[in-house]
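# Remarks on the overall topology
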Amino acid sequence: MLNEELIASKATTESITGMKWWNDRLLTFTTTRPANYSFVAGQYARLGLRDENGIIWRAFSMVSAPAETATLEFYGIIVANGLFTTRLKGLRTGAPILVEKQRYGFMTPDRFKDGSDLWMLSTGTGIGPYISMLRDPYVWQHFRNLVLVHCVRHADEFAYTEELERLCREPAFRASAQLHVVRSVTREADLPANAAYLQGRITTLLEDGRLEKAAGLPLSAETSRIMMCGNPEMIDDMRALLHQRGMRPDRRATPGQFVTENYW
């Protein structure tokens, strides 16, 4: 039997307020926002759904802006036979969902005390925390260039495209920073002639020079501060490449050039 008092001390019961499907597996969903709930862009929450055996908890990065008070927004993928996402797929507006009161994660842009260019590297749903950052004034006011790199398997997995294209044309918060978006696919060998994206893994694009060329900026220890979120293999391989360029992870005691967040 569930200890409801313990659950209430740990989480609040919120409601689903909307669901948007990008394809048959990727969705954005929103919930009511708990009273006095605060977070920093880049952090994630733990959400809970009840089943016959108890509560299934999963971590989801906040996509909404920290200043947005009415709702919380999340971006996720339906995992085949996944205990949590199979139930999530069947939810409708008004359905209950638990939101833990504790917030998690240290991949936040205020980690960096210097650098002029913020590189946000992501695979799959790892783009989520960066959308939150781009909806918050901090990165626009503290960096000169913002580079969002999103790598997916197929082009129908790109999300938030219209919002990002608008931000490229019209920087947010009347800031002078410029957003550069680089997209890539890994499982499409023949790209359309007018494709607005590249082909290859992020690490491959960095090694052969296409990443910096597409961004129009160099990736350097002096100017670049890098965030990596997504596939652990991408993160491990990128760490090695960045070390080769004289970069090191950012620590509280020893400032560096990159921070990471694994997505599984």
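Just above sits the structure.
From a predicted model like this one, the values you see are computed outputs, not experimental measurements.

### Some points on the overall build of the protein
The secondary structure content of the protein amounts to eight helices and twelve strands. Since a compact globule built from 264 residues should have a radius of gyration of about 18 Å, the 19 Å found for the protein is in line with a globular shape. Principal axes of the C-alpha set define a box for the protein whose edges measure 55 × 45 × 35 Å. Here the protein, with 264 residues, has 52% of them falling under the buried criterion. Once local pairs closer than 6 in sequence are excluded, the contacts in the protein between residues at least 24 apart make up 71%. Put simply, the protein shows about 12800 Å² of open surface, and 50% of that area lies on carbon and sulfur atoms. With 31 positive and 30 negative side-chain charges, the protein shows a spacing of 2 Å between the two charge centroids.

### Here we look at the pattern of salt bridges
Across all of its chains, the model carries 16 salt bridges by this definition. Where D51 meets R87, a salt bridge forms, and the shortest distance between an N and an O atom there is 3.9 Å. Taken as a pair, D51 in strand β3 (residues 44–51) and R87 in helix α2 (residues 83–89) lie far apart in primary sequence, 36 residues in all. Assessed through its relative accessible area of 26%, R87 is described here as partly exposed. For R201, the salt bridge goes to E233, with nearest N and O atoms at 3.8 Å. Remark: E233 occurs in helix α8 (residues 232–244) and R201 occurs in the loop between β10 (198–199) and α6 (202–207); sequence separation between them is 32 residues. Owing to a relative accessible area of 32%, R201 belongs among the partly exposed residues under this scheme.

### Notes on the sheet that holds strand β2 (residues 26–32)
In spatial order, the strands read β4-β3-β6-β1-β2-β5; together these six strands make up an open sheet with antiparallel pairing. A strand with exactly one partner marks an edge of an open sheet, and here the two such strands are β4 (54–61) and β5 (71–77). Adjacent strand axes in the sheet meet at a mean angle of 40 degrees, parallel and antiparallel pairs treated alike. The pairing of β3 with strand β6 (residues 96–100) spans two bridges and is antiparallel.

### Quick word on the packing of aromatic side chains
With the rule as written, the count across this model stands at nine aromatic pairs. Relative to Y104, the ring of Y44 lies with its centre 5.7 Å away and its plane at 20 degrees, an arrangement referred to as stacked. Residue Y44 is found in strand β3, and its partner Y104 is found in the loop between β6 and β7 (117–123); the two are separated by 60 residues along the sequence. Given the relative accessible area of 22%, Y44 is considered partly exposed. The class for Y104 is partly exposed, based on a relative accessible area of 25%. A centroid spacing of 5.5 Å and a plane angle of 45 degrees characterise the contact between F60 and F84, whose relative ring orientation is tilted. Within this pair, whereas F60 is found in strand β4, its partner F84 is found in helix α2, the two being separated by 24 residues in sequence. Grouping residues by exposure puts F60 and F84 together as buried. An aromatic cluster is defined as three or more aromatic residues linked by ring pairs; in this entry it consists of F29, F60, F74 and F84.

Criteria and cut-off values
Residues numbered from 1 in each chain as written. Predicted model: local features only at pLDDT ≥ 70, side-chain atom pairs only at ≥ 80, totals over all residues. Heavy atoms only, no water. Helix = DSSP H or I, 4+ residues; strand = E, 2+ residues; numbered from the N terminus. Rg over C-alpha atoms; globule rule 2.2 N^0.38 Å. Buried < 20%, exposed > 50% of the residue type's maximum accessible area, 1.4 Å probe, protein only. Contact = heavy atoms within 4.5 Å. Areas by Shrake-Rupley, 256 points an atom, 1.4 Å probe, with all protein chains shown as cover. Lys, Arg positive; Asp, Glu negative; His and termini not counted. Charge placed at Lys NZ, Arg CZ, Asp CG, Glu CD. Salt bridge = Lys/Arg side-chain N within 4 Å of Asp/Glu carboxyl O. Pairing = 2+ DSSP bridges. Axes fitted to C-alpha atoms, helices over the stretch in contact; angles between N-to-C directions. Phe/Tyr/Trp six-rings, centres within 6.5 Å; stacked < 30°, edge-to-face > 60°.

Such coordinate-based values are descriptive only and should not be taken to indicate function.
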